[in-house]
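An overview of the molecular structure
What follows is the residue order along each chain.
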Amino acid sequence: MYRKYIHTARTRFLHISSTTPIDFLKYKEEILATKLAPILKSCSDNPTHCVFKQGQQVHTQIVVNGIKGLLGTRILACGGLNAVKLGKLVHDMVRLRGFEFDVYVSSSLIKLYAENGCILDARCLFDKLPVKDSVLWNVMLNGYVRCRDSGNVVGLFREMRWSDVRPNSVTFACVLSVCASEMMIELGTQIHGGVVKCGLEMDSPVANTLIALYSKSCFLSDARELFDTIPEIDLVSWNGMIGGYVSNGYLLEGLDLFRKMVSSCAKPDSITFASFLPLVSETASFNHGREIHCYIVRHGVIMDVFLKNALIDMYFKCRHVEMAKCVFSYNSAIDIVIYSAMISGYVINEMNIDAIAVFRSLIYERMKPNVVTLSSLLPACAGLAALHLGKELHGNILKHGLEGNCHIGSAITDMYAKCGRLDLARQFFLRMSERDAVCWNSIITSCSQNGNPVEAIDLFRSMGTEDVDYDGISISAALSACSSLSALHYGKEIHGFMIRGVFSLDIFAESALIDMYAKCGNLELARCVFDTMQEKNEVSWSSIIAAYGSHGRLKEALALFNEMKQLGFQPDHVTFLAIISACGHAGRVEEGRHYFKCMEEDHKIAARMEHYACMIDLFARAGRLEEAYEFIKCMPFDPDAGVWGTLLGACRVHGNVDLAELAAGNLFNLDPQNSGYYVLLANTQADAGKWERVLKTRSIMKERGVQKIPGYSWIEVNNYNHMFVAADTGHSYAAEIYFVLNHLLLELRKEGYVPQPYLPLHMESSKLTSLHNDT
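Residues numbered from 1 in each chain as written. Predicted model: local features only at pLDDT ≥ 70, side-chain atom pairs only at ≥ 80, totals over all residues. Heavy atoms only, no water.

Some points on the overall build of the chain
Looking only at helices and strands, one finds 43 helices and two strands in the chain. The proportion of buried residues among the 775 residues of the chain is 45%. Here the contacts in the chain between residues at least 6 apart in sequence split such that 58% fall between residues at least 24 apart. For the chain, the accessible surface area stands at approximately 40500 Å², while carbon and sulfur atoms represent 54% of it. (Helix = DSSP H or I, 4+ residues; strand = E, 2+ residues; numbered from the N terminus. Buried < 20%, exposed > 50% of the residue type's maximum accessible area, 1.4 Å probe, protein only. Contact = heavy atoms within 4.5 Å. Areas by Shrake-Rupley, 256 points an atom, 1.4 Å probe, with all protein chains shown as cover.)

Have a look at this one:
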């Protein structure tokens, strides 16, 4: 075939168009190259079969006439088409004609291979070349960067340093970008020394990459020193430094630099705002965010997908959902990242149904959900307890082979746990091929929050044996499990671990430690932890206020609350929840009402469901049940099971059967399989002697197939937790325990105690007798 093309080229003319043909024999090499170049460009722009054959004929003429220097790179127009197979065919021809080692041809071939994922072919040809210039080295380095092969980037750069070729600014920028992305700060500083030695430290691409390196490695002072020494700061420099401040949490410094940028007449672009807007999201400053949005519109900044995503995220985090929706529908710049941001934003704002609707919309638009999309949607299923939909998503994840991703794995575990299937959460967790700290934290937290604190502590220990590093979240989850068990010994062990490690300075872990000691009954140790904290925040202040409040020491709790405000800390919804709860424990109804009003009117904090439940508990503890019920009717949203459950419990204490039945009716609709509500109502009715109503309640329970879950209790003896269930005989010391209990019962009767059976023994109804036997 190759000989055929040579023969055809020698005997025919090649037409550029329908105009006059070109006679190859009339032109010298330079002129011929000028004439043939447009034909090759035409082959690249219009890769049809006919034009491609013309390209092959041109190639033949180039071979015949020995033109290689000027057209070497143009021969491989297939590089622009990403046609690797065609490129390999041409490569074979080049090899046959002996042009493989020509610097122009080989550079084009290596570029073709490197830019199209054939890095091994590129390296094979690269290693064969006897002479390599800086362009070849840079093409090869950038090829490895494209493949995210940082090891070979570093290795090839070291080979280059041993060669006679001197690295240039392109080389340094390429290698430093890898050091920045992989946070290889030690190697990066060594290369920085080489940059200075070569006199390239003020070159803009190199300087900007160094700023990115130091920023991502948390060396902000070094990044700023370099930024301040650049003679001409370009837009990339401004963006890199502002982004560095924001991503490292230096919000005020980022804001100050942004103002300097605007005042220096540098015009911010979409990247500037996309880097800067997370600062507004962190501070939840809606006014600042709106001002920036106005600037963007007023100055005609291009609304690309990155800026659009940042604006949507900012509005969602500032709780302005309607503005986020407006930005979403503003123009056609929508991709899967934008859809994922919408889903995540709705979930943050507890609008889970809207999040699912957006997901259905992106499926309708034939977009393929990615890892971020699915990880954002699974919490919506968890929030709705939509187990069926969660399982469908899990099936889709399995189908696309994404189950091994740690972020998705954590979301699946959390979804199953919050949908009431802790067993499925545990099964899935154990099947995961790879588990990072986030996965471990998810299952430990799920067990701790879903009534299985013993397993949470066991998993916490297993996490350490598998060489997974603990973090503040895992420590806090384990301490929460200790709080649930009142396991003071385990809590002290974790405290010792925190002191020996780096967690003694973790504010959130220390706050969890305060909560653990308080719930285990040791208020003195809780206060000691608080007083010795080197740094405090709103969470730690709320923890110690709640500790005193739960122990009924309202005076100290209020004193701490006032001190907190005097020191400049702003109380949040958790702080006020602790204060109102403390008023409830102390029976101070009016003070609780005052702080509820103060929260909404003075501090502009909207009351949540838990605040209303706390206020209802406040009224109920004082026996003011009608006020509690009126408070429920005035709620701006539908009361949940926690609110009605609080009222039902108070009705049992104060013997209000009618209100108890009203509360229970709502609870049976909200949570029909919770046996506790049925038992609580039946007990209230029984205390009032309403036996027929008791039978009716138990009948409803049996008709619905509700099984009574036995209550259990535990006690720590000699640093070991013992758990007991009613009528339990499984404990190793059961015989001795019951012997002591019987002895205590005899002593109690001597002192005048009379046991009260669940139902009176003289009841004649066989159903009631059966009911008595069941209980």
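Focus on the pattern of salt bridges
Overall, the coordinates contain 27 salt bridges when judged by the stated rule. The partner of Asp531 in a salt bridge is Arg527, with the nearest N and O atoms 3.0 Å apart. Of this pair, Asp531 and Arg527 both sit in helix H31 (residues 523–532), four residues apart, which is roughly one turn of the helix. On the basis of relative accessible area, Asp531 is assigned to the partly exposed category, the value being 45%. (Salt bridge = Lys/Arg side-chain N within 4 Å of Asp/Glu carboxyl O.)

A closer look at the packing of helix H6 (residues 103–115) against helix H7 (residues 119–128)
Remark: H6 packs on H7, axes separated minimally by 7 Å, with the N-to-C direction vectors making an angle of 155 degrees. It follows that H6 is roughly antiparallel to H7 by the angle criterion. When the axes of H6 and H7 are compared, the crossing they make is left-handed. Of H7, the residues touching H6 (which contributes Ser106, Leu109, Ile110, Tyr113 and Ala114) are Ile119, Asp121, Ala122, Leu125 and Phe126. Its residues assigned to classes, the contact of H6 with H7 comprises eight nonpolar, one polar and one charged. (Axes fitted to C-alpha atoms, helices over the stretch in contact; angles between N-to-C directions. Parallel < 35°, antiparallel > 145°, perpendicular 65-115°, else oblique. Left-handed = near helix turned anticlockwise from the far one by under 90°. Nonpolar A, V, L, I, M, F, W, Y, C, P; charged D, E, K, R; others polar.)

What about the confidence of the model for the chain?
Within the chain, residue pLDDT values average 81, and 84% of them lie at 70 or more. Predicted confidence is poor over residues 1–30, with pLDDT under 50, and the contacts of this stretch with residues over four places away or in other chains come to 39 contacts. Segment residues 67–71 is flagged for pLDDT under 50; beyond a separation of four residues in sequence, or across chains, it makes 15 contacts in the model. (pLDDT = per-residue confidence, 0-100.)

Overview of the packing of aromatic side chains
Enumeration according to the criterion identifies 21 aromatic pairs in this entry. Seen in terms of ring centroids, Phe596 and Phe631 are 5.5 Å apart; in terms of plane orientation they differ by 70 degrees. Their pairing is edge-to-face. Pair noted here: Phe596 is in helix H35 (residues 589–601) and Phe631 is in helix H37 (residues 625–633), with a separation of 35 residues, a long-range link. Given the relative accessible area of 7%, Phe596 is considered buried. An aromatic cluster of three or more residues is present, and its members are Phe596, Tyr612, Phe619, Phe631 and Phe637. Here the guanidinium or amino end of Lys132 rests over the ring plane of Phe126, the centre of that ring lying 5.0 Å away. (Phe/Tyr/Trp six-rings, centres within 6.5 Å; stacked < 30°, edge-to-face > 60°. Lys NZ or Arg CZ within 6 Å of the ring centre and 35° of its normal.)

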